[in-house]
Amino acid sequence: MNSPEEIFSFLSRHIGPSPDEQKEMLEAIGFPTLEELIDAIVPRTVRTLRSLDLPAPLTESEALAALRKLSEKNRIFRSYLGMGYSAAITPAVIRRNILENPDWYTPYTPYQAEISQGRLEALLTFQTLVADLAGLDVANASLLDADTAAAEAMILSLRIRTPSNSKRFLVSPLCHPQTIAVVQTRAEPLGIQVDLRDPMDDDLPVENYFGALLPYPTTDGLLLDYTQAIGSLRKSGVTVVMHVDPLALSIFRSPGEFGADIAIGSMQRFGLPLGYGGPHPGFLAARSAYLRKMPGRIVGISRDREGRAALRLALQTREQHIRREKATSNICTAQALPAVVAAFYAIHHGPSGLRAIAEGIRTLTNRLAWGLGAMGIPIPPGPRFDTVAAILPQSESDSLLRRAQGAGINLRRLPSGLGISLDETTQERDLFDLLSLFAAERGLTQLPPPPADQEVSPIPPNLRRNAPLLPQPIFRENRSEAQLVRYMRRLAARDINLTTSMIPLGSCTMKLNAAAEMLPMLWDAFSQIHPFCPLDQAQGYQGMLGDLERWLKEITGMEAVSFQPAAGSQGELAGLLAIRAYHCAQDQSDRNICLLPISAHGTNAASAAAAGFSLMPLLCDGEGRLDLEDLRRKLAEAGARVAAIMVTYPSTYGFFEDTLPEVIRMVREAGGLVYLDGANANAFLGLCRPGELGVDVCHLNLHKTFAIPHGGGGPGAGPIAVSRALVPFLPSHPFLPLSSSSPLGPVSGSPWGNAGVYPITWMFLAMTGAQGVTQCAKVALLSANYVARRLTPYFRLVFHGRSGFVAHECIVDLRPWKECGIEVDDVAKRLADFGFHAPTVSWPVPGTLMIEPTECETKEELDRFCDAMITIHSELEKVRKGELPLDDNPLRNAPHTATAVAAESWPHSYGRETAAFPLPWVRERKYWPPVARVDNVFGDRYPVCAWPKSSEANLENE
């Protein structure tokens, strides 16, 4: 009989296999106890000698109550701080059906196009929205935030101009402070000089620059006419980037109309909560000529085998998982779910609604400016959208800030006075309260009446948007809520996610995202906090981050944690930049070589290149282990230039290497530091502590190991944990004065990255505790070895540890059937007919599948997947033996759509039953792929990355 503690235990619901099922799995593997299996898998050389010291686990209700109490320490002020972050209203239909819906937040990145058509369509809508607002040809499917997008645009501009005699990038000093700081951080290791100069200066030596960044509007709120400046810059071959407010572009002239080359920004105010800085979808739009050099993922329209339009991730040869250090960016996880929210926000409101929201903000802003001016407060002249700068002496600014704080209002301090940024939540009473503050400060007993809406000055013709706004049909359909909900549901039904079946992607850790973990994220006390508010208003967040830092330090054995990186790839970059800064501080700036095993994640290579390192590859032996002799040779060859080694643990080949301590010793003796990629941390929780092994920095993918959902490709979170030597070199931020002593600038626009999703990880750790966290790792190892044991009679296991066991994932070999004309992709597509997402395809070894089941899947689900693979093996063998034709078999023709199966004609050598219902249990849980095999070559040869526009005649009645 279960004890009350077990009945209410979160862990008993988080871990899939029951104790009896675990016993059955152990018997199948040949071990009497789980502890004995773990001893066989994890080498003694890396095992920690003590248990984790974490708080006792809480039940779901206890954890929710504790976090609620912590959240109440946050104080929600009316924040008019702006700087790229604005309060926004998330329409209830989007909150309920997207943000709170596991159909949308549990899928993986849509690399398997046939089973990802729903979110691919939503992301294509996002791209179309961004490109149209910007007046440019193409946009990507999101970046991490606006400020890293500015840095990516700088690097793209340099790539466009290569070869170029210049490595100087012009940045207007009127950009937001954090934007300037992030661009400077990214520029320095690449040898790019950032010049802060007025781009409208007549004496500007434009020929000296490869690119320029212009704010629109400026940080103090003005929209400048850049026509002449952009003409002059482009005439000299300078690539022009504009940092824009996308909502303003619904009524103001677009970058494309100015002649700009690239536009970047954030879609946060399209329905995304503030969330203390994120997650928010950054974006980059550009001319079509730059499409193949753009960073980030891009959705394109192709066609499937049956002739229908089908979507896919286009031009993947640009990306880090293929091109490694030569990739256009190190970005892997971006902001897919927030991008989906922004897309539906635009669909929900439509062009007329967006214009009305924008015009309402502009009207209130101009009325505020008029009211302040009527009090004798100098206001810089010029068109504005949402921000007013009040020119004030410092003493009056200080007094007003105190008065505003007392009224529960946040104003922004400017060098010349105060800034006030309005948003779609601002009402008439807010305008009255703001004017009352200034009137009281000036001793005025009566407010000057602000002008009526109709009296506000119109947008000057040279700055008015002339192009039609969002002429694509998608933004004019589904206007009623009934239609919109059905559309959302149709899209969700096209995808495989964790509500459908397990997602066994190797190195991706697609574990449960429990409802209790997800709930607090959208509490007002967490979602409505501005990232630049005074720290005393965010004590709940600071307390939560403090808890997380203590817990993650304990788990990793490290000295300190930075939460700024907004993804694992950004964590890699931050950690490598910290290593670089450390060597420079030791007067060893010549240490610029990063050693990288050939088995490493592609992001490792791309991140090392972005951090300014030269790469030196390290070989692995025939059993997948790092070749120590090759390491010894490479260390001798590099000599005093060795900066670091990047290792993933357990190895990306899916096992624990017992030589890791020796590798660390050799690198440290050569003067290098050790970076541990924590992508596979789910395998070592409570079993290994990187700090004890001599690791200097590791990042943790909270969207893998610590229960934050993948969201179809983001958001993620990639905090870094560092040793004592690297604590002084953690990322700083211009709005964190206590960290200003660090020589490393910010890597993200927000001081705490994607802080809005950190409540998820807090809940996970609070409900699991020390024993629970360790049990998660142990069961993950058990599940992977159970799957490996079931499949090895049919598929060769490519790598395993010395004891013959894998870690949390296993790699099975499909290459033996290549001679029959069957590729690993055929097996991946065939799994969709069984209702399964494919494991990781052809990585880290071409022609293989890497399978990671996680601790959350029941034995029943594991057996279903194994039965599917074993059935596929029988089909492979029938092809090999000639019982099925090479060119007409269930593998080559997969996936099978309902249209094909129900057609009158069935010209295949196998039956419809085999195609659609290959095992009996498939009938009761059938997933129908919405498209047949997608044509990748066609999609890349003829890239179309936005929805087509309606004819002008269809827009006349809007």
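Owing to the predicted nature of the structure, the values given are computational and were not obtained by experimental measurement.

**Comments concerning the overall build of the protein chain**
Secondary structure summary: the protein chain contains 31 helices and 24 strands in total. The C-alpha atoms of the protein chain give a radius of gyration of 28 Å, which matches the 30 Å a tight globule of 958 residues would have. Seen through its principal axes, the protein chain has C-alpha atoms that stretch 85 × 70 × 65 Å. Residue burial in the protein chain is summarised as follows: out of 958 residues, 65% are buried.

**Observations regarding unusual backbone geometry**
That bond from tyrosine 649 to proline 650 is cis: its omega, -10°, falls within 30 degrees of zero. Relative to the assigned elements, proline 650 resides in the loop between strand 18 (642-648) and helix 24 (660-669). For the bond running from glycine 714 to proline 715, omega is 15°, close enough to zero to count as cis. For proline 715, the location among the structural elements is in the loop between strand 20 (697-700) and strand 21 (720-722). In this model, serine 142 sits at a positive phi of 120°, which is unusual for a non-glycine residue. Position of serine 142 relative to the elements: it lies in the loop between strand 2 (138-139) and helix 9 (146-161). For threonine 854, which is not glycine, the phi torsion reads 65° and is therefore positive. When you line up the elements, threonine 854 lands in the loop between strand 24 (848-851) and helix 28 (859-880). A relative accessible area of 1% means that threonine 854 is categorised as buried.

**Considering the UniProt feature "modified residue: N6-(pyridoxal phosphate)lysine" (unreviewed entry) in the protein chain**
On the UniProt side, "modified residue: N6-(pyridoxal phosphate)lysine" (unreviewed entry) is annotated at positions that read Lys704 here. Locating lysine 704 in the fold gives a position in the loop between strand 20 and strand 21. A distance of 2.6 Å separates the side chain of lysine 704 from the backbone oxygen of serine 507, its partner in a polar contact.

**Quick word on the environment of serine 950**
Counting through the fold element by element, serine 950 comes out in the segment after helix 31 (936-941). The class of serine 950 is buried, set by a relative accessible area of 15%. Counting along the chain gives 889 residues from serine 950 to serine 61, while the straight-line C-alpha distance between them is 51 Å.

**Digging into the environment of threonine 858**
Along the chain, the position of threonine 858 falls in the loop between strand 24 and helix 28. In the structure, threonine 858 is positioned 356 residues away from methionine 502 in sequence and 9.5 Å away in space, judged by C-alpha atoms. In contact with threonine 858, not counting residues within four places along its chain, are Gly16, Pro17 and Glu21.

**Focus: the UniProt feature "domain: Glycine dehydrogenase C-terminal" (unreviewed entry) in the protein chain**
Under the present numbering, the feature "domain: Glycine dehydrogenase C-terminal" (unreviewed entry) in UniProt falls on residues 777-896. Across residues 777-896, helical content stands at 39% and strand content at 8%; the span's end C-alpha atoms are separated by 37 Å.

**Thoughts on the domain arrangement of the protein chain**
Splitting the protein chain by domain gives domain 1 (92-252 + 261-348), domain 2 (350-463), domain 3 (538-766) and domain 4 (814-892 + 896-925). Taking the mean C-alpha position of each, domain 1 and domain 3 sit 26 Å from one another. Approximately 3200 Å² of surface area, both sides summed, lies buried where domain 1 meets domain 3, with 61% of it carried by carbon and sulfur atoms. The interface formed by domain 1 and domain 3 contains one salt bridge. A salt bridge links arginine 580 to glutamate 188, with the nearest nitrogen and oxygen atoms 2.6 Å apart. At the junction of domain 1 and domain 3, the tally comes to 17 residue pairs in polar contact (both at pLDDT 80 or more). Broken down by secondary-structure element, the contributors of at least two residues to the side of domain 1 that touches domain 3 are helix 7 (102-105), helix 9, helix 10 (177-187), helix 13 (320-323) and helix 14 (336-374).

**So, the sheet that holds strand 7 (residues 262-266)**
Strand order in the open sheet formed by seven strands is 2-8-7-6-5-3-4, with mixed pairing between adjacent strands. The sheet terminates laterally at strand 2 and strand 4 (193-196), the two strands that pair on one side only. Examined bridge by bridge, strand 2 and strand 8 (residues 282-286) share two bridges and lie antiparallel to one another. Bridged to alanine 139 within strand 8 is alanine 285. Where helix 10 meets the sheet, it contacts strand 3 (168-171), strand 4, strand 5 (211-216) and strand 6 (239-244), and its direction lies at approximately 155° from that of strand 4. In the packing of helix 11 (residues 227-235) onto the sheet, the strands contacted are strand 3, strand 5 and strand 6, and the crossing angle to strand 6 comes to about 145°.

**What to know about the nonpolar core**
Core analysis: the largest hydrophobic core is formed by 229 residues, its most contacted members being Tyr216, Met242, Phe270, Phe344, Ile645 and Phe656. Top element by residues in this core is helix 26 (residues 758-791). It accounts for 20 residues. Ignoring sequence-local partners within four residues, the contact set of methionine 242 consists of Leu214, Tyr216, Tyr226, Ile230, Pro255, Phe258, Ala260, Ile262, Ala263 and Ile264. Leu143, Ile180, Val183 and Tyr290 belong to the second largest nonpolar core, which has 33 residues in total.

**Considering the packing of helix 6 (residues 92-99) against helix 14**
The relative placement of two packed helices comes down to the angle between their axes together with the axis-to-axis distance. Direction vectors running N to C along helix 6 and helix 14 enclose 145°, while the axes themselves pass 10 Å from each other. Judged by the sense of rotation from one axis to the other, the crossing of helix 6 with helix 14 is right-handed. Contacts from Val93, Ile94, Ile98 and Leu99 in helix 6 reach Leu337, Val340, Val341, Phe344, Tyr345 and His348 in helix 14. Here the residues of the contact of helix 6 with helix 14 are counted per class, giving nine nonpolar, one polar and no charged.

**Quick word on the pairing of strand 14 (residues 417-421)**
Within strand 14, five of the five residues are buried, which leaves the element mostly enclosed by the surrounding structure. Pairing geometry for strand 11 (residues 387-391) and strand 14, over five bridges, is antiparallel. Following the sheet pairing, alanine 389 is matched in strand 14 by glycine 419. As paired strands, strand 13 (residues 412-414) and strand 14 are joined by three bridges and run antiparallel to one another. Its bridge partner being in strand 14, arginine 412 is matched across the sheet by glycine 419. Linking strand 13 to strand 14, which pair antiparallel, is a turn of two residues.

**Re the side chain of histidine 14**
Counting through the fold element by element, histidine 14 comes out in helix 2 (residues 10-14). Beyond its immediate stretch of four places on either side in the chain, histidine 14 contacts Lys511, Leu512, Phe764, Cys776, Glu855 and Cys856.

**Thoughts on the packing of helix 21 (residues 568-585) against helix 22 (residues 602-610)**
As a packed pair, helix 21 and helix 22 sit with axes 9 Å apart at the nearest point and diverge in direction by 45°. Between helix 21 and helix 22, the angle is such that the two are oblique. Between helix 21 and helix 22 lies a crossing whose hand is right-handed. Residue-level contacts link Ser569, Glu572, Leu573 and Leu576 of helix 21 to Thr603, Asn604, Ser607, Ala608 and Ala610 of helix 22. Here the contact of helix 21 with helix 22 is composed, by residue class, of four nonpolar, four polar and one charged.

**Notes on helix 17 (residues 481-493)**
The terminal C-alpha atoms of helix 17, which comprises 13 residues, lie 18 Å apart, in line with the 18 Å expected from a rise of 1.5 Å per residue. Along helix 17, the residues that are buried comprise Leu484, Tyr487, Met488, Leu491 and Ala492. Along helix 17, the residues classed as buried sweep out an arc of 135° about the axis, all on the same side. Buried residues in helix 17 make contact with helix 6, helix 7, helix 8 (117-134) and helix 14.

**Here's the deal with the environment of tryptophan 762**
Mapped onto the elements of the fold, tryptophan 762 is located in helix 26. For the pair tryptophan 762 and leucine 619, spaced 143 residues apart in the sequence, the C-alpha separation amounts to 39 Å. The contact partners of tryptophan 762, leaving out residues within four places of it in the chain, are Ala63, Ala66, Leu67, Leu70, Met544, Asp547, Leu548 and Trp551. Reaching out from tryptophan 762, the side chain makes a polar contact with the side chain of aspartate 547 at a distance of 3.0 Å.

**Considering the packing of aromatic side chains**
Summed over all chains, the structure comprises 28 aromatic pairs. Centre to centre, the rings of phenylalanine 31 and phenylalanine 805 are 5.3 Å apart; their planes meet at 65°, and the pair counts as edge-to-face. You can see phenylalanine 31 sitting in the loop between helix 3 (19-29) and helix 4 (34-41) and its partner phenylalanine 805 sitting in the loop between helix 26 and strand 22 (810-813), a full 774 residues away along the chain. On the basis of relative accessible area, phenylalanine 31 is assigned to the buried category, the value being 15%. Since its relative accessible area comes to 12%, phenylalanine 805 is described here as buried. Ring geometry for phenylalanine 270 versus tyrosine 345: centroids 5.4 Å apart, planes at 55°, classification tilted.

Cut-offs used in this document
- Residues numbered from 1 in each chain as written.
- Predicted model: local features only at pLDDT ≥ 70, side-chain atom pairs only at ≥ 80, totals over all residues.
- Heavy atoms only, no water.
- Helix = DSSP H or I, 4+ residues; strand = E, 2+ residues; numbered from the N terminus.
- Rg over C-alpha atoms; globule rule 2.2 N^0.38 Å.
- Buried < 20%, exposed > 50% of the residue type's maximum accessible area, 1.4 Å probe, protein only.
- UniProt positions renumbered as here; feature names shortened; annotations may be inferred.
- Polar contact = N/O pair within 3.5 Å; in protein donor to acceptor, adjacent residues only side chain to side chain.
- Contact = heavy atoms within 4.5 Å.
- Domains from an automatic or database assignment.
- Buried area = accessible area lost by both parts, 1.4 Å probe.
- Salt bridge = Lys/Arg side-chain N within 4 Å of Asp/Glu carboxyl O.
- Pairing = 2+ DSSP bridges.
- Axes fitted to C-alpha atoms, helices over the stretch in contact; angles between N-to-C directions.
- Core = buried A, V, L, I, M, F, W, Y, C linked by side-chain atoms within 4.5 Å.
- Left-handed = near helix turned anticlockwise from the far one by under 90°.
- Nonpolar A, V, L, I, M, F, W, Y, C, P; charged D, E, K, R; others polar.
- Parallel < 35°, antiparallel > 145°, perpendicular 65-115°, else oblique.
- Expected span 1.5 Å × (residues − 1).
- Arc of directions from axis to C-beta.
- Phe/Tyr/Trp six-rings, centres within 6.5 Å; stacked < 30°, edge-to-face > 60°.

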